[in-house]
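These are the residues of each chain, in order.
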Amino acid sequence: MTAPGERPTYASTPWTRADKALHLLSVEPVGLDAAVKRLGRGSGVYAWWATLSVLPDLPGPPNETDPSFRLLYIGRATSLRGRIVRNHLRRSGSSTLRRTLAGLLVSESYRTTWTDRVVLTPEDELRLTTWMHAHLRLTWAEDEEPTSVETELVARLHPPLNVHGVDPDHVQPAVIAAKNAYNASSQPEINPAPAP
C-alpha cells in the first residue's frame, strides 16, 4: 500500500492490504481540485466523503482524521486518475456513483436522456460535476490488486452509496429507490409500427 504518488512495493495477504488501504483512505479527505492534480495513474481503491449536511439521511462511518466527514462510497480502479477524472467527474454512463447521486438529488431536477443507456444531459453532467466539486472530498490508496481490497472494505464499512458487496441489512432503501428512479427516467425510443 502506498501513499498517493508513491509506487507500491510489497506483497502481502488481502487482509493486510485492506487494513493498509483503510489507513490511507482514513486521512483527511482532499478537495477534488487538489485530488485531480495528485492522483496517480496506478491501480487502487478510493473513497468519497461528505460532511454530515450532505445527503443527511444516509449513514456512513466517520473519517478517522476528520470526523466532520463521513464515508459515502468506496470504489476500485485500474487507473485511479482515469477512473476519477474521466468517469466519476464526467460521465454518468460509466459511473454508478454519478447515477446514484443524480437519483438522490431529485430536488435538483437532473434531466436524463437515452443513448445505449440512461445518461444525464450534457448540461446536467456539468451541473453534477460542479455539485461534486462543491460537496464531496476524496481519499485514495494505490494497490496492485485492488479488487479484493475493495471487496473487503465494502463488506467491513457498508458505505451507504455502495450496494454490491454490502451486507443486505445495511443496504440503504433510499439508494435503491434512487437507482431505480434514475434508471426509469428515460427509456429507449420505440418505433411505432408502420400504418397498414
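It should be emphasised that the depicted structure is a prediction, and the values quoted were computed from it without experimental measurement. (Residues numbered from 1 in each chain as written. Predicted model: local features only at pLDDT ≥ 70, side-chain atom pairs only at ≥ 80, totals over all residues. Heavy atoms only, no water.)

Visitor: Report on the nonpolar core, specifying residues and quantitative values.
Guide: Ranked by internal contacts, the top residues of the largest apolar core, which has 34 residues, are Trp48 and Met132. Non-local contacts of Met132, meaning those with residues more than four positions away in its chain, are made with Leu32, Trp48, His88, Leu89, Leu97, Arg98 and Leu101. Core analysis: the next-biggest nonpolar cluster, separate from the first, contains 16 residues, Ala21, Leu22, Trp49 and Val149 among them. (Core = buried A, V, L, I, M, F, W, Y, C linked by side-chain atoms within 4.5 Å. Buried < 20%, exposed > 50% of the residue type's maximum accessible area, 1.4 Å probe, protein only. Contact = heavy atoms within 4.5 Å.)

Visitor: Let's hear about the layout of surface pockets: which residues, and what values?
Guide: Looking at the largest pocket, its volume works out to about 190 Å³. What lines the largest pocket is Tyr73, Ile74, Arg76, Thr96, Glu150, Thr151, Val154, Leu161, Asn162, Val163, His164 and Lys179. Elements supplying a minimum of two residues to the lining of the largest pocket: strand S3 (69-77) and helix H6 (146-157). (1 Å grid on protein atoms, 1.4 Å probe; cavity = no way out; pocket = protein on both sides within 12 Å on 5 of 7 lines; lining within 4 Å. Points joined across faces, edges and corners; volume = space filled by probe spheres on them. Helix = DSSP H or I, 4+ residues; strand = E, 2+ residues; numbered from the N terminus.)

Visitor: Give me the lowdown on the sheet that holds strand S6 (residues 136-142), citing residues and values where you can.
Guide: Taken in spatial order, the four strands line up as S1-S6-S2-S3 in an open sheet, and their pairing is antiparallel. Of all strands in the sheet, those with a lone pairing partner are strand S1 (30-31) and S3, marking the two edges. Relative to S3, strand S2 (residues 44-51) is paired through eight bridges, and the arrangement is antiparallel. Counted as the bridge partner of Gly44 is Ala77 from S3. (Pairing = 2+ DSSP bridges.)

Visitor: Outline unusual backbone geometry, listing residues and values.
Guide: Residues other than glycine seldom take positive phi values, yet Leu55 does so here, at roughly 50°. Relative to the assigned elements, Leu55 resides in the loop between S2 and S3. One non-glycine residue, Ser109, lies in positive phi territory at about 55°. The residue Ser109 is located in the loop between helix H4 (96-104) and strand S4 (112-114) in this model.

Visitor: Account for the environment of His23, naming residues and giving values.
Guide: Summarising the element assignment, His23 is placed in helix H1 (residues 14-25). For His23, a relative accessible area of 58% gives the class exposed. Taking C-alpha positions, His23 is 8.9 Å from Glu64, a pair spaced 41 residues apart along the chain.

Visitor: So what's going on with a positive patch on the surface? Which residues, and what values?
Guide: Taken together, Arg41, Arg86, Arg90 and Arg91 make up a surface patch of like positive charges. Relative to the elements of secondary structure, Arg90 occurs in the loop between helix H3 (80-88) and H4. (Patch = residues over 30% accessible without salt bridge, like charges linked within 9 Å, V, L, I, M, F, W, Y side chains within 5 Å. Areas by Shrake-Rupley, 256 points an atom, 1.4 Å probe, with all protein chains shown as cover. Salt bridge = Lys/Arg side-chain N within 4 Å of Asp/Glu carboxyl O. Lys, Arg positive; Asp, Glu negative; His and termini not counted. Charge placed at Lys NZ, Arg CZ, Asp CG, Glu CD.)

Visitor: I'd like a description of the confidence of the model for the chain, backed by residues and values.
Guide: A residue-level look at the chain finds 88% of positions with pLDDT of 70 or above and a mean pLDDT of 89. With pLDDT under 50 throughout, residues 5-12 is counted as low confidence; its partners more than four residues away or in other chains account for 13 contacts. (pLDDT = per-residue confidence, 0-100.)

Visitor: I'd like a rundown of the pattern of salt bridges, residues and numbers included.
Guide: Inspection of every chain in the model, using the stated rule, returns nine salt bridges. Here Arg76 makes a salt bridge to Glu150, at a shortest N to O gap of 2.3 Å. Of this pair, Arg76 sits in strand S3 while Glu150 sits in helix H6, and the two are 74 residues apart along the sequence. Assessed through its relative accessible area of 39%, Arg76 is described here as partly exposed. A salt bridge links Arg127 to Asp124; the nearest nitrogen and oxygen atoms lie 2.9 Å apart. Residue Arg127 and its partner Asp124 are located together in helix H5 (residues 122-135), separated by three residues, close to a single helical turn. For Asp124, a relative accessible area of 1% gives the class buried. One salt-bridge network, in which partners are shared between bridges, spans Glu108, Arg111, Asp124 and Arg127.

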